[in-house]
Amino acid sequence: MNVGGSKEKPKKKKKPRKIMNPDDTIKNGPFSWRVETLLGSGGFGDVYKVYDEKNKAKHYALKTESEDGKKSMLRLKVEVKVFMTITEGRKTNPNGFKHFVEFVDRGKSEDLGCKFVVMSLVGPSLDDVRKKYGVTLNDRSTPYIVAIQSLEAVRDLHSVGFLHRDIKPANFAVGFGPTEPTVFMLDFGIGRSYLDPKTKQHRAPRKSVKFLGTLRYASRACIKGIDQGRKDDVECWIYMVFDIFDPEEGIVWKKVAGRDKITRAKEKFFEGKSKEAYKLVPYNLKTIVSYVDSLRFQSAPDYPFMINYLFTMSNQAGFPINDMNKGAWVGSLKNKKTGTGERTDKLSGSNDSDT
Ligand SMILES: Nc1ncnc2c1ncn2[C@@H]1O[C@H](COP(=O)(O)OP(=O)(O)OP(=O)(O)O)[C@@H](O)[C@H]1O
Ligand SMILES: [Mg+2]
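Residues numbered from 1 in each chain as written. Chains lettered and ligands numbered in written order. Predicted model: local features only at pLDDT ≥ 70, side-chain atom pairs only at ≥ 80, totals over all residues.

J.: I'd like a description of the overall build of the chain, backed by residues and values.
T.: A count of helical and extended segments in the chain gives eight helices and ten strands. Across the 355 residues in the chain, those meeting the buried criterion constitute 41%. Considering only contacts in the chain between residues 6 or more positions apart, those separated by 24 or more positions represent 64%. (Helix = DSSP H or I, 4+ residues; strand = E, 2+ residues; numbered from the N terminus. Buried ≥ 20, exposed ≤ 12 C-beta atoms within 10 Å, placed from the backbone. Contact = placed C-beta atoms within 7 Å.)

Dropping the structure here:
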(Lines give C-alpha, C1' and ligand atoms only; values in the text may rest on other atoms or scores of the structure.)
(Ligands and ions follow the chains in the order given, each with its own letter.)
Protein backbone atom coordinates (compact mmCIF):
# COMPACT_ATOMS: atom_id res chain seq x y z
CA MET A 1 0.00 0.00 0.00
CA ASN A 2 1.20 3.47 -0.75
CA VAL A 3 -0.01 5.72 1.97
CA GLY A 4 -0.88 9.28 1.30
CA GLY A 5 0.26 9.34 -2.31
CA SER A 6 3.76 9.03 -0.99
CA LYS A 7 5.56 9.96 -4.21
CA GLU A 8 4.29 13.51 -3.96
CA LYS A 9 5.56 14.18 -0.48
CA PRO A 10 9.11 13.76 0.77
CA LYS A 11 9.23 10.70 2.96
CA LYS A 12 10.36 10.87 6.55
CA LYS A 13 13.36 8.70 7.21
CA LYS A 14 12.39 5.61 9.13
CA LYS A 15 14.51 3.43 11.34
CA PRO A 16 15.41 0.32 9.37
CA ARG A 17 13.20 -2.59 10.41
CA LYS A 18 14.62 -5.75 11.87
CA ILE A 19 14.25 -8.47 9.29
CA MET A 20 14.00 -12.06 10.45
CA ASN A 21 16.32 -14.69 9.05
CA PRO A 22 15.57 -18.30 8.21
CA ASP A 23 15.15 -20.35 11.42
CA ASP A 24 14.40 -17.29 13.58
CA THR A 25 11.48 -18.19 15.81
CA ILE A 26 8.64 -16.30 17.43
CA LYS A 27 7.08 -18.14 20.35
CA ASN A 28 3.46 -17.36 21.07
CA GLY A 29 1.37 -19.49 23.44
CA PRO A 30 1.12 -22.99 21.99
CA PHE A 31 2.88 -21.95 18.77
CA SER A 32 6.54 -21.62 17.80
CA TRP A 33 6.58 -19.86 14.47
CA ARG A 34 9.81 -20.59 12.64
CA VAL A 35 10.79 -18.54 9.60
CA GLU A 36 11.52 -20.31 6.34
CA THR A 37 11.75 -17.37 3.90
CA LEU A 38 10.84 -13.74 3.50
CA LEU A 39 7.94 -13.57 1.08
CA GLY A 40 7.60 -9.83 0.75
CA SER A 41 7.98 -6.43 2.33
CA GLY A 42 5.46 -3.65 2.53
CA GLY A 43 5.49 -0.13 3.87
CA PHE A 44 5.13 -1.06 7.54
CA GLY A 45 6.11 -4.68 7.78
CA ASP A 46 7.10 -7.93 6.15
CA VAL A 47 5.44 -11.19 5.22
CA TYR A 48 7.26 -14.45 5.96
CA LYS A 49 6.65 -18.05 5.11
CA VAL A 50 6.69 -19.88 8.45
CA TYR A 51 5.79 -23.19 10.06
CA ASP A 52 4.91 -24.22 13.57
CA GLU A 53 7.74 -26.32 15.02
CA LYS A 54 5.25 -29.05 15.92
CA ASN A 55 4.37 -29.60 12.26
CA LYS A 56 7.07 -28.75 9.76
CA ALA A 57 5.02 -29.87 6.80
CA LYS A 58 2.36 -27.18 7.04
CA HIS A 59 3.29 -23.66 6.07
CA TYR A 60 1.67 -20.35 6.94
CA ALA A 61 2.18 -16.67 6.22
CA LEU A 62 3.23 -14.41 9.10
CA LYS A 63 2.73 -10.68 8.53
CA THR A 64 4.49 -8.23 10.83
CA GLU A 65 3.93 -4.58 11.53
CA SER A 66 6.62 -2.56 13.20
CA GLU A 67 5.58 -0.56 16.20
CA ASP A 68 7.31 2.70 15.34
CA GLY A 69 4.40 4.90 14.40
CA LYS A 70 0.85 5.38 15.52
CA LYS A 71 -0.73 4.97 12.13
CA SER A 72 1.09 1.78 11.33
CA MET A 73 -0.09 0.14 14.53
CA LEU A 74 -3.67 0.55 13.50
CA ARG A 75 -3.28 -1.38 10.28
CA LEU A 76 -2.75 -4.79 11.77
CA LYS A 77 -5.51 -4.07 14.27
CA VAL A 78 -7.95 -3.47 11.43
CA GLU A 79 -6.66 -6.53 9.63
CA VAL A 80 -7.31 -8.69 12.70
CA LYS A 81 -10.78 -7.19 13.07
CA VAL A 82 -11.61 -8.13 9.49
CA PHE A 83 -10.20 -11.64 9.95
CA MET A 84 -12.27 -12.13 13.11
CA THR A 85 -15.42 -10.86 11.40
CA ILE A 86 -14.89 -13.32 8.56
CA THR A 87 -14.20 -16.15 11.00
CA GLU A 88 -17.50 -15.25 12.67
CA GLY A 89 -19.28 -15.15 9.30
CA ARG A 90 -18.00 -18.64 8.50
CA LYS A 91 -19.83 -20.01 11.54
CA THR A 92 -23.21 -19.24 10.00
CA ASN A 93 -22.08 -19.73 6.42
CA PRO A 94 -19.47 -22.51 6.41
CA ASN A 95 -19.31 -22.67 2.62
CA GLY A 96 -19.01 -18.93 2.13
CA PHE A 97 -15.93 -16.73 2.28
CA LYS A 98 -13.86 -18.99 0.05
CA HIS A 99 -11.79 -16.01 -1.12
CA PHE A 100 -10.33 -15.32 2.33
CA VAL A 101 -7.39 -16.92 4.11
CA GLU A 102 -7.80 -18.53 7.53
CA PHE A 103 -6.78 -16.50 10.54
CA VAL A 104 -4.51 -18.65 12.73
CA ASP A 105 -2.70 -16.58 15.36
CA ARG A 106 -1.78 -13.08 16.43
CA GLY A 107 0.71 -11.67 18.88
CA LYS A 108 3.56 -9.34 19.64
CA SER A 109 7.32 -9.85 19.47
CA GLU A 110 9.33 -7.76 21.91
CA ASP A 111 12.59 -8.73 20.17
CA LEU A 112 11.48 -7.47 16.81
CA GLY A 113 9.38 -4.62 18.11
CA CYS A 114 6.45 -5.70 16.05
CA LYS A 115 2.96 -7.10 16.13
CA PHE A 116 2.12 -9.99 13.86
CA VAL A 117 -0.68 -12.11 12.45
CA VAL A 118 -0.42 -15.64 11.15
CA MET A 119 -2.72 -16.80 8.37
CA SER A 120 -2.92 -19.62 5.88
CA LEU A 121 -0.43 -19.46 3.05
CA VAL A 122 -1.55 -18.64 -0.44
CA GLY A 123 0.38 -18.40 -3.71
CA PRO A 124 1.74 -15.34 -5.51
CA SER A 125 -0.26 -12.15 -5.92
CA LEU A 126 -2.02 -11.53 -9.23
CA ASP A 127 0.63 -8.95 -9.93
CA ASP A 128 3.42 -11.47 -9.36
CA VAL A 129 1.65 -14.17 -11.33
CA ARG A 130 1.94 -12.07 -14.44
CA LYS A 131 5.13 -10.10 -13.77
CA LYS A 132 7.38 -12.58 -11.99
CA TYR A 133 5.96 -15.86 -13.22
CA GLY A 134 5.11 -14.55 -16.66
CA VAL A 135 1.71 -16.25 -16.69
CA THR A 136 -0.76 -14.50 -18.94
CA LEU A 137 -4.00 -13.68 -17.19
CA ASN A 138 -5.62 -11.92 -20.12
CA ASP A 139 -6.05 -14.97 -22.27
CA ARG A 140 -9.38 -16.63 -23.20
CA SER A 141 -11.73 -17.11 -20.22
CA THR A 142 -9.07 -16.37 -17.56
CA PRO A 143 -9.68 -12.60 -17.23
CA TYR A 144 -13.39 -13.29 -16.73
CA ILE A 145 -12.59 -15.92 -14.08
CA VAL A 146 -10.33 -13.46 -12.25
CA ALA A 147 -12.90 -10.66 -12.55
CA ILE A 148 -15.72 -12.82 -11.19
CA GLN A 149 -13.74 -14.36 -8.34
CA SER A 150 -12.34 -11.02 -7.22
CA LEU A 151 -15.81 -9.45 -7.33
CA GLU A 152 -17.15 -12.33 -5.23
CA ALA A 153 -14.47 -11.48 -2.68
CA VAL A 154 -15.50 -7.80 -2.69
CA ARG A 155 -19.16 -8.84 -2.32
CA ASP A 156 -18.36 -11.14 0.63
CA LEU A 157 -16.27 -8.52 2.40
CA HIS A 158 -19.08 -5.99 1.99
CA SER A 159 -21.57 -8.57 3.25
CA VAL A 160 -19.85 -8.48 6.66
CA GLY A 161 -19.82 -4.70 6.77
CA PHE A 162 -16.29 -3.85 5.63
CA LEU A 163 -14.77 -1.87 2.80
CA HIS A 164 -11.33 -2.89 1.55
CA ARG A 165 -10.17 0.49 0.20
CA ASP A 166 -7.00 -0.85 -1.49
CA ILE A 167 -8.22 -3.13 -4.26
CA LYS A 168 -5.39 -3.85 -6.72
CA PRO A 169 -3.66 -6.87 -8.28
CA ALA A 170 -0.98 -6.94 -5.53
CA ASN A 171 -3.70 -7.40 -2.91
CA PHE A 172 -5.20 -10.49 -4.52
CA ALA A 173 -3.36 -13.79 -4.71
CA VAL A 174 -3.96 -17.17 -6.21
CA GLY A 175 -4.22 -20.14 -3.90
CA PHE A 176 -1.58 -22.67 -3.00
CA GLY A 177 -1.85 -26.47 -3.29
CA PRO A 178 -5.47 -27.61 -3.35
CA THR A 179 -6.77 -24.03 -3.38
CA GLU A 180 -4.63 -22.98 -6.35
CA PRO A 181 -7.63 -22.19 -8.62
CA THR A 182 -9.12 -19.78 -6.10
CA VAL A 183 -8.41 -16.06 -6.09
CA PHE A 184 -7.88 -14.73 -2.54
CA MET A 185 -8.35 -11.23 -1.25
CA LEU A 186 -5.47 -10.02 0.97
CA ASP A 187 -4.43 -7.00 2.98
CA PHE A 188 -7.20 -5.47 5.05
CA GLY A 189 -4.79 -2.97 6.59
CA ILE A 190 -6.80 0.06 5.51
CA GLY A 191 -10.19 -1.62 5.60
CA ARG A 192 -13.03 0.17 7.36
CA SER A 193 -16.53 -0.67 8.46
CA TYR A 194 -19.18 1.22 6.52
CA LEU A 195 -21.78 0.42 9.17
CA ASP A 196 -22.51 2.42 12.26
CA PRO A 197 -21.42 0.20 15.19
CA LYS A 198 -24.60 0.97 17.15
CA THR A 199 -27.35 1.07 14.56
CA LYS A 200 -25.72 -1.25 11.99
CA GLN A 201 -27.01 1.14 9.36
CA HIS A 202 -24.79 2.71 6.72
CA ARG A 203 -22.66 5.48 8.21
CA ALA A 204 -23.14 9.06 7.10
CA PRO A 205 -20.21 10.35 5.02
CA ARG A 206 -17.42 12.12 6.86
CA LYS A 207 -16.76 15.65 5.65
CA SER A 208 -13.23 15.03 4.47
CA VAL A 209 -10.90 12.07 4.55
CA LYS A 210 -7.14 11.86 4.25
CA PHE A 211 -5.97 9.90 1.22
CA LEU A 212 -4.97 6.32 1.91
CA GLY A 213 -4.39 3.76 -0.78
CA THR A 214 -2.71 3.49 -4.17
CA LEU A 215 -3.21 6.37 -6.61
CA ARG A 216 -3.32 4.20 -9.71
CA TYR A 217 -6.22 2.08 -8.47
CA ALA A 218 -7.89 4.54 -6.06
CA SER A 219 -11.44 5.69 -6.77
CA ARG A 220 -12.08 9.25 -7.89
CA ALA A 221 -13.79 10.04 -4.58
CA CYS A 222 -10.90 8.61 -2.61
CA ILE A 223 -8.35 10.81 -4.39
CA LYS A 224 -10.54 13.84 -3.80
CA GLY A 225 -10.75 13.15 -0.06
CA ILE A 226 -14.43 12.20 -0.19
CA ASP A 227 -15.57 9.42 2.13
CA GLN A 228 -15.84 6.03 0.47
CA GLY A 229 -18.65 3.52 0.19
CA ARG A 230 -19.04 0.10 -1.40
CA LYS A 231 -19.16 1.74 -4.83
CA ASP A 232 -15.55 2.89 -4.42
CA ASP A 233 -14.28 -0.66 -3.92
CA VAL A 234 -16.20 -1.61 -7.05
CA GLU A 235 -14.67 1.32 -8.93
CA CYS A 236 -11.16 0.13 -7.94
CA TRP A 237 -12.16 -3.38 -8.95
CA ILE A 238 -13.09 -2.06 -12.41
CA TYR A 239 -9.62 -0.53 -12.76
CA MET A 240 -8.10 -3.84 -11.71
CA VAL A 241 -10.24 -5.73 -14.24
CA PHE A 242 -9.08 -3.42 -17.05
CA ASP A 243 -5.53 -3.99 -15.88
CA ILE A 244 -6.02 -7.76 -16.00
CA PHE A 245 -7.57 -7.69 -19.49
CA ASP A 246 -4.89 -5.35 -20.80
CA PRO A 247 -1.82 -4.87 -18.56
CA GLU A 248 -0.31 -2.39 -21.04
CA GLU A 249 -3.14 -0.08 -21.94
CA GLY A 250 -6.20 -1.07 -19.93
CA ILE A 251 -5.37 1.62 -17.39
CA VAL A 252 -4.69 4.64 -19.56
CA TRP A 253 -3.21 6.67 -16.67
CA LYS A 254 -0.53 4.08 -15.94
CA LYS A 255 2.21 6.44 -17.06
CA VAL A 256 0.54 9.59 -15.74
CA ALA A 257 1.93 11.24 -12.60
CA GLY A 258 0.15 13.52 -10.17
CA ARG A 259 -3.19 13.28 -8.42
CA ASP A 260 -5.03 15.85 -10.50
CA LYS A 261 -3.98 14.41 -13.83
CA ILE A 262 -4.82 10.89 -12.70
CA THR A 263 -8.22 11.99 -11.43
CA ARG A 264 -8.94 13.75 -14.71
CA ALA A 265 -7.96 10.62 -16.66
CA LYS A 266 -10.30 8.54 -14.50
CA GLU A 267 -13.12 11.01 -15.06
CA LYS A 268 -12.57 10.84 -18.81
CA PHE A 269 -12.62 7.05 -18.58
CA PHE A 270 -16.05 7.15 -16.95
CA GLU A 271 -17.26 9.76 -19.43
CA GLY A 272 -16.55 7.16 -22.11
CA LYS A 273 -13.75 9.23 -23.64
CA SER A 274 -10.97 6.67 -23.22
CA LYS A 275 -11.42 4.53 -26.31
CA GLU A 276 -7.82 3.32 -26.05
CA ALA A 277 -8.71 1.49 -22.81
CA TYR A 278 -10.84 -0.86 -24.91
CA LYS A 279 -8.16 -2.08 -27.30
CA LEU A 280 -8.06 -5.49 -25.63
CA VAL A 281 -10.88 -5.02 -23.14
CA PRO A 282 -14.18 -6.12 -24.69
CA TYR A 283 -16.27 -3.04 -25.39
CA ASN A 284 -19.38 -4.39 -23.68
CA LEU A 285 -17.61 -4.04 -20.32
CA LYS A 286 -18.66 -0.41 -20.76
CA THR A 287 -22.11 -1.45 -19.45
CA ILE A 288 -20.57 -2.33 -16.07
CA VAL A 289 -18.45 0.83 -16.14
CA SER A 290 -21.59 2.95 -16.63
CA TYR A 291 -23.42 1.00 -13.95
CA VAL A 292 -20.58 1.56 -11.44
CA ASP A 293 -20.58 5.26 -12.30
CA SER A 294 -24.28 5.46 -11.43
CA LEU A 295 -23.75 4.22 -7.87
CA ARG A 296 -23.88 6.64 -4.95
CA PHE A 297 -22.15 6.73 -1.53
CA GLN A 298 -24.64 4.43 0.22
CA SER A 299 -25.65 2.33 -2.82
CA ALA A 300 -25.58 -1.43 -2.43
CA PRO A 301 -23.87 -2.60 -5.63
CA ASP A 302 -25.74 -5.23 -7.63
CA TYR A 303 -23.04 -7.91 -7.57
CA PRO A 304 -25.18 -10.65 -9.20
CA PHE A 305 -25.90 -8.35 -12.14
CA MET A 306 -22.19 -7.73 -12.69
CA ILE A 307 -21.25 -11.39 -12.21
CA ASN A 308 -23.95 -12.61 -14.61
CA TYR A 309 -22.95 -9.97 -17.10
CA LEU A 310 -19.34 -11.20 -17.02
CA PHE A 311 -20.49 -14.77 -17.67
CA THR A 312 -22.54 -13.54 -20.63
CA MET A 313 -19.60 -11.51 -21.90
CA SER A 314 -17.29 -14.52 -21.82
CA ASN A 315 -19.86 -16.54 -23.79
CA GLN A 316 -20.25 -13.78 -26.33
CA ALA A 317 -16.49 -13.47 -26.70
CA GLY A 318 -16.36 -17.17 -27.57
CA PHE A 319 -14.50 -18.12 -24.36
CA PRO A 320 -17.25 -19.49 -22.12
CA ILE A 321 -16.27 -20.29 -18.56
CA ASN A 322 -16.74 -24.04 -18.41
CA ASP A 323 -14.94 -24.39 -15.12
CA MET A 324 -14.11 -21.63 -12.60
CA ASN A 325 -11.16 -23.78 -11.48
CA LYS A 326 -9.42 -23.55 -14.85
CA GLY A 327 -7.69 -20.18 -14.69
CA ALA A 328 -4.52 -20.06 -16.81
CA TRP A 329 -2.26 -20.03 -13.73
CA VAL A 330 -3.51 -23.38 -12.46
CA GLY A 331 -0.70 -25.90 -12.77
CA SER A 332 1.55 -23.45 -14.61
CA LEU A 333 3.27 -21.65 -11.73
CA LYS A 334 5.57 -24.52 -10.87
CA ASN A 335 8.92 -24.41 -12.64
CA LYS A 336 8.33 -20.87 -13.86
CA LYS A 337 11.14 -18.37 -13.25
CA THR A 338 12.06 -19.42 -9.70
CA GLY A 339 11.96 -23.06 -10.69
CA THR A 340 10.22 -24.15 -7.52
CA GLY A 341 6.74 -22.84 -7.78
CA GLU A 342 7.55 -20.45 -4.96
CA ARG A 343 7.95 -16.76 -5.46
CA THR A 344 11.23 -14.94 -5.31
CA ASP A 345 12.11 -13.19 -2.07
CA LYS A 346 10.62 -9.80 -2.92
CA LEU A 347 7.00 -9.51 -3.82
CA SER A 348 5.31 -6.85 -5.83
CA GLY A 349 2.88 -5.78 -3.15
CA SER A 350 4.90 -2.72 -2.39
CA ASN A 351 6.36 -1.76 -5.76
CA ASP A 352 3.06 -1.12 -7.36
CA SER A 353 3.79 2.53 -7.83
CA ASP A 354 1.36 5.29 -7.12
CA THR A 355 2.20 7.30 -10.19
N1 LIG B 1 -1.32 -15.29 3.31
C2 LIG B 1 -0.37 -15.02 2.43
N3 LIG B 1 0.23 -16.00 1.76
C4 LIG B 1 1.21 -15.74 0.85
N5 LIG B 1 1.61 -14.50 0.52
C6 LIG B 1 1.05 -13.47 1.16
C7 LIG B 1 0.04 -13.67 2.14
N8 LIG B 1 -0.33 -12.45 2.61
C9 LIG B 1 0.41 -11.55 1.94
N10 LIG B 1 1.24 -12.15 1.07
C11 LIG B 1 2.14 -11.51 0.12
O12 LIG B 1 2.77 -10.40 0.71
C13 LIG B 1 2.48 -9.20 -0.03
C14 LIG B 1 2.26 -8.07 0.93
O15 LIG B 1 1.17 -8.41 1.79
P16 LIG B 1 0.07 -7.35 2.16
O17 LIG B 1 -0.46 -6.75 0.92
O18 LIG B 1 -0.89 -8.02 3.07
O19 LIG B 1 0.94 -6.34 3.01
P20 LIG B 1 1.26 -4.80 2.90
O21 LIG B 1 2.07 -4.44 4.07
O22 LIG B 1 0.05 -4.04 2.62
O23 LIG B 1 2.13 -4.72 1.68
P24 LIG B 1 2.10 -3.66 0.54
O25 LIG B 1 2.46 -2.35 1.17
O26 LIG B 1 3.16 -4.21 -0.32
O27 LIG B 1 0.71 -3.70 -0.05
C28 LIG B 1 1.25 -9.51 -0.89
O29 LIG B 1 1.29 -8.83 -2.13
C30 LIG B 1 1.31 -11.01 -1.06
O31 LIG B 1 1.96 -11.36 -2.26
MG1 LIG C 1 -0.76 -4.94 0.13
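J.: How would you explain the pairing of strand β6 (residues 114-120) if you had to name every residue and give the values?
T.: The buried fraction of β6 amounts to six of the seven residues, a majority that puts the element mostly inside the structure. Note that strand β4 (residues 55-66) and β6 share seven bridges and pair antiparallel. Within β6, the position partnered with Leu-62 by the bridge is Val-118. Looking at chain direction, strand β5 (residues 103-109) and β6 are connected through six bridges and run antiparallel. The partner of Asp-105 across the bridge, within β6, is Val-118. Once β5 ends, the chain turns through four residues before running back antiparallel as β6, passing Gly-113 with a positive phi of about 60 degrees. (Pairing = 2+ DSSP bridges.)

J.: Could you give an account of the packing of helix α3 (residues 142-159) against helix α5 (residues 230-245), with specific residues and numbers?
T.: With their axes 10 Å apart at the nearest point, α3 and α5 run at an angle of 165 degrees to one another. Judged on the interaxial angle alone, α5 and α3 are roughly antiparallel. The crossing of α3 and α5 is right-handed. Every residue of α5 that contacts α3 at Pro-143, Val-146, Ala-147, Ser-150, Leu-151, Val-154 and His-158 is listed here: Arg-230, Asp-233, Val-234, Trp-237, Met-240, Val-241, Ile-244 and Phe-245. (Axes fitted to C-alpha atoms, helices over the stretch in contact; angles between N-to-C directions. Parallel < 35°, antiparallel > 145°, perpendicular 65-115°, else oblique. Left-handed = near helix turned anticlockwise from the far one by under 90°.)

J.: Can you lay out the sheet that holds β6 for me, pointing to particular residues and giving the numbers?
T.: To summarise the sheet geometry, strands pair through backbone hydrogen bonds and adopt either a parallel or an antiparallel arrangement. Strand order in the open sheet formed by six strands is β1-β2-β3-β4-β6-β5, with antiparallel pairing between adjacent strands. Only two strands of the sheet have a single neighbouring strand rather than two, namely β1 (25-28) and β5. In this sheet, adjacent strand axes meet at a mean angle of 35 degrees when their direction is disregarded.

J.: Residues and numbers for α5, please.
T.: In a regular helix each residue adds 1.5 Å, so 16 residues correspond to 22 Å; α5 covers 23 Å between its end C-alpha atoms and thus fits that length. Here α5 lies mainly inside the structure; 16 of its 16 residues are buried. (Expected span 1.5 Å × (residues − 1).)

J.: Explain the packing of α3 against helix α8 (residues 303-316) to me, and be specific about the residues and the numbers.
T.: Two numbers describe how α3 lies on α8: the axes approach to 10 Å, and their chain directions differ by 175 degrees. In terms of their interaxial angle, α3 and α8 are classed as roughly antiparallel. Of α8, the residues touching α3 (which contributes Tyr-144, Ala-147, Ile-148, Leu-151 and Arg-155) are Tyr-303, Met-306, Ile-307, Leu-310, Met-313 and Ser-314.

J.: Outline unusual backbone geometry, supporting the account with residue identities and numerical values.
T.: Glycine aside, residues mostly have negative phi, and peptide bonds are mostly found in the trans state. Phi is positive for Asp-23, close to 80 degrees, though the residue is something other than glycine. As for its position among the elements, Asp-23 is in the segment before β1. Residue class for Asp-23 comes out exposed when judged on the 8 C-beta atoms lying within 10 Å of it. Within the chain, Phe-97 stands out as a residue other than glycine whose phi angle is a positive 55 degrees.

J.: Please set out the UniProt feature "binding site: ATP" (unreviewed entry) in the chain residue by residue, giving values where relevant.
T.: According to UniProt, the "binding site: ATP" (unreviewed entry) feature falls on Lys-63. Structurally, Lys-63 can be placed in strand β4. In this structure Lys-63 touches Gly-45, Val-47, Phe-116 and Val-117, once residues within four positions along its chain are discounted. (UniProt positions renumbered as here; feature names shortened; annotations may be inferred.)

J.: Hey, could you go over the confidence of the model for the chain for me, with residue numbers and the actual values?
T.: On average, the chain scores 90 in pLDDT, and the residues at 70 or more come to 88%. Long-range and interchain partners of residues 4-9, a stretch whose pLDDT sits below 50, account for 13 contacts in this model, where long-range means more than four residues apart. (pLDDT = per-residue confidence, 0-100.)

J.: For α3, give the residues involved together with the corresponding values.
T.: In an α-helix, one full turn covers 3.6 residues, which means residues spaced three or four apart are oriented alike. The terminal C-alpha atoms of α3, which comprises 18 residues, lie 26 Å apart, in line with the 26 Å expected from a rise of 1.5 Å per residue. Most of α3 is tucked away, with 15 of its 18 residues classed as buried. Two residues or fewer after α3 comes Gly-161, characterised by a positive phi angle close to 95 degrees.

J.: Summarise the pairing of strand β3 (residues 46-52); cite the residues concerned and give the values.
T.: A regular strand places its side chains on the two faces of the sheet in alternate fashion. Note that strand β2 (residues 31-41) and β3 share seven bridges and pair antiparallel. Looking across to β3, one finds that Ser-41 is bridged to Asp-46. Linking β2 to β3, which pair antiparallel, is a turn of four residues. The sheet contact formed by β3 and β4 spans six bridges and is antiparallel. Residue pairing for β4: Asp-52 is matched across the bridge by Asn-55.

J.: Go over the environment of Ile-26, please, and point to the residues and values.
T.: Topologically, Ile-26 is positioned in strand β1. C-beta crowding within 10 Å serves as the criterion here: with 23 such atoms nearby, Ile-26 is assigned to the buried category. Between the C-alpha atom of Ile-26 and that of Lys-108, which follows or precedes it by 82 residues, the distance is 8.9 Å. Every residue in contact with Ile-26, bar those within four places of it in the chain, is listed here: Trp-33, Ser-109 and Phe-116.

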